[in-house]
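# Structural characterization, general
The residues making up each chain are set out below.
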Amino acid sequence: MSNLLKRWNELAEIKDELAARDWFPGTSGNLSIKVSDSPFSCLVTASGKDKRKRTDEDFLLVGADGTPLEETPLKPSAETGIHLEIYRLTDAGCILHVHTVDNNVISALYAEQGEITFRGQELIKAFGIWEEDGELTVPIVENHADLKRLAKEVGRVITPQTKAVLIRNHGITVWGENGFAAKKHLEALEFLFSYQLKMAILGRLSSDPEFMKTIHA
Ligand SMILES: CSC[C@@H](O)[C@@H](O)C(=O)COP(=O)(O)O
Ligand SMILES: [Zn+2]
């Protein structure tokens, strides 16, 4: 099987799994996987499609400037520029972008801080953080309508530790060295977001300042 076909199947399986979690509402979301390093190429989802459906036109191959490398009527994802910026700056082999209610609410709640940090949580081990006092920070950027500006802004907040960026009231873009790692990171973060929101709601309900201290990220 060619490398291209292997990568296509890998991304198609991840897309199916994220679809089963209902993480592609209203045609939102986009995914990509690197096919080659030099010259650079990646498969990226076609724009505007219902990502829950599996078709032969789900992905197209693009080069470093986002131009399709083969004759196709398909358009690459509108957010291809964000993926390309992440591939340029990191060792990512696969990038996943989803809109969920939890990641949107977290992005709104923590937008003023510009980031959310998790500590004392078992699941940060999914990011290779094993120290007892280790912490995981996810930066939050504004949702610029100008997608070139948005891609630059995402690039600006990436550090060597960054594996995900939240876009305010939009969604999250997560990556890993391959499809397995990218999906692991995304699932772990959505777990942490869900936990954080439930604790925040309980804290508000109990109106107990001591309780609130224990959940502060
Ligand atoms: C339909 S709302 C979502 C889009 O605006 C965009 O943010 C998105 O995630 C999907 O865009 P796409 O061009 O299909 O990759
Ligand atoms: Zn989006």
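Identification of the protein chain as Methylthioribulose-1-phosphate dehydratase from Thermoactinomyces daqus is taken from an unreviewed UniProt entry.

### Some words on the UniProt feature "binding site: Zn(2+)" (unreviewed entry) in the protein chain
Within this structure's numbering, the places UniProt gives as "binding site: Zn(2+)" (unreviewed entry) are H97 and H99. Mapping H97 onto the fold places it in strand β4 (residues 94–98). Excluding residues that lie within four positions of it along the chain, H97 makes contacts with F24, G29, N30, L31, E79, H83, I167, H170, G171, I172 and T173. A distance of 3.1 Å separates a polar atom in the side chain of H97 from the backbone oxygen of I172. Positionally, H99 belongs in the loop between β4 and α3 (101–109). For H99, the contacting residues outside a window of four places in its chain are W23, P25, S28, G29, N104, H170 and G171.

### Section: unusual backbone geometry
Between S38 and the following residue, P39, the backbone shows a cis peptide bond with an omega angle of 0 degrees. Mapped onto the elements, P39 comes out in the loop between β1 (30–37) and β2 (40–45). Despite not being glycine, D22 shows a phi value in the positive range, around 65 degrees. Topologically, D22 is positioned in the loop between α1 (3–20) and β1. Positive phi, normally seen in glycine, also occurs at T27, with a value near 70 degrees. Inspection of the secondary structure assignment puts T27 in the loop between α1 and β1. The exposure class assigned to T27 is partly exposed, which follows from its relative accessible area of 36%.

### Quick word on helix α2 (residues 80–89)
The element α2 is extensively covered by neighbouring structure, given that seven of its 10 residues are classed as buried. Where α2 is concerned, the buried positions are T80, I82, H83, L84, E85, I86 and Y87.

### Remarks on a nonpolar patch on the surface
Judged by side-chain polarity, V101, V105 and L109 come together as a nonpolar surface patch covering roughly 270 Å² of accessible area. For V105, the location among the structural elements is in helix α3. For V105, a relative accessible area of 35% gives the class partly exposed.

### Some remarks on the coordination of the zinc ion (ligand 2)
For the zinc ion (ligand 2), the protein coordination sphere consists of H97 (NE2), H99 (NE2) and H170 (NE2), at 2.1 to 2.2 Å. Mapping the donors of the zinc ion (ligand 2) onto the primary sequence yields the spacing H-x1-H-x70-H. Given the relative accessible area of 0%, H97 is considered buried. Since its relative accessible area comes to 23%, H99 is described here as partly exposed.

### Considering the sheet that holds strand β6 (residues 135–141)
Note on sheets: strands pair through backbone hydrogen bonds, and any given pair is parallel or antiparallel. One open sheet holds the eight strands; their spatial order is β3-β2-β1-β4-β8-β7-β6-β5, and the pairing between them is mixed. The sheet is open, and its two edges are formed by β3 (59–63) and β5 (115–119), each paired on a single side. In this sheet, adjacent strand axes meet at a mean angle of 20 degrees when their direction is disregarded. Direction of pairing for β4 relative to strand β8 (residues 171–176): antiparallel, over a ladder of five bridges. Its bridge partner lying in β8, H97 is registered against T173. Against the sheet, α1 touches β1, β2, β3 and β4, its axis set at about 160 degrees to β1. Running over the sheet, helix α5 (residues 179–206) touches β4, β5, β6, β7 (164–167) and β8 and is turned about 140 degrees from β8.

### Some points on the side chain of E79
Looking at the element boundaries, E79 is found in the loop between β3 and α2. Of the side chains with opposite charge, K51 lies nearest to the buried E79, which makes no salt bridge, at 8.2 Å. Within the structure, E79 has its side chain in polar contact with the side chain of H97 (distance 3.0 Å). With near-sequence residues (within four places) excluded, E79 lies in contact with N30, H97, L147 and H170.

### What to know about the pairing of β2
With six of its six residues buried, β2 lies for the most part within the structure. The alternating pattern of β2 places F40, C42 and V44 and S41, L43 and T45 on opposite faces, both of which are buried. Pairing analysis gives five bridges linking β1 to β2, with the strands arranged antiparallel. If you follow D37 over to β2, its bridge partner there is F40. Connecting β1 to the antiparallel partner β2 that follows it, the hairpin turn spans two residues. Across five bridges, β2 lies against β3 in antiparallel orientation. By the bridge assignment, S41 is partnered in β3 with G63.

Definitions and cut-offs
Numbering of residues starts from 1 in each chain and follows the order in which that chain's sequence is written. Going through the entries in the order they are written, you letter the chains from A and number the ligands from 1. In view of the model being predicted, local features appear only for residues whose pLDDT reaches at least 70, and side-chain atom pairs are presented and counted only at 80 or more, with totals across whole chains, interfaces and linings using the full set of residues. Only hydrogens and water are removed before side-chain values are computed, so all heavy atoms of the structure are retained for them. UniProt positions are given in the numbering used here, feature names are shortened, and annotations may be inferred rather than shown by experiment. Starting at the N terminus, helices and strands are each numbered in turn, a helix being any DSSP run of H or I of at least four residues and a strand any DSSP run of E of at least two. The contact criterion used throughout is that any non-hydrogen atoms of two residues lie within 4.5 Å. What qualifies as a polar contact is a pair of N or O atoms within 3.5 Å, subject to a donor-acceptor requirement within protein and to the restriction that residues adjacent in sequence count only when both atoms come from side chains. Residue burial is assigned from relative accessible area. The probe radius is 1.4 Å, only protein chains are included, and a residue is buried under 20% of its type maximum, exposed over 50%, and partly exposed in between. Patches were defined on residues exceeding 30% relative accessible area and lacking a salt bridge, with like-charge contacts within 9 Å and nonpolar side-chain contacts (Val, Leu, Ile, Met, Phe, Trp, Tyr) within 5 Å. All accessible areas in this document rest on Shrake-Rupley with a 1.4 Å probe, and a residue is counted as covered only by the protein chains that are shown. The working definition used for a salt bridge is a side-chain nitrogen of Lys or Arg within 4 Å of a carboxyl oxygen of Asp or Glu. Sites may look incomplete because water is not among the atoms; the donors themselves are N, O and S atoms within 2.8 Å of the metal, or within 3.2 Å for Na, K and Ca. Any two strands between which DSSP finds at least two bridges are classified as paired. Each axis is a line fitted through C-alpha atoms, taken for helices only over the stretch in contact, and angles between the N-to-C directions span 0 to 180 degrees. Neither His nor the chain ends is counted toward charge; the positive residues are Lys and Arg and the negative residues Asp and Glu.

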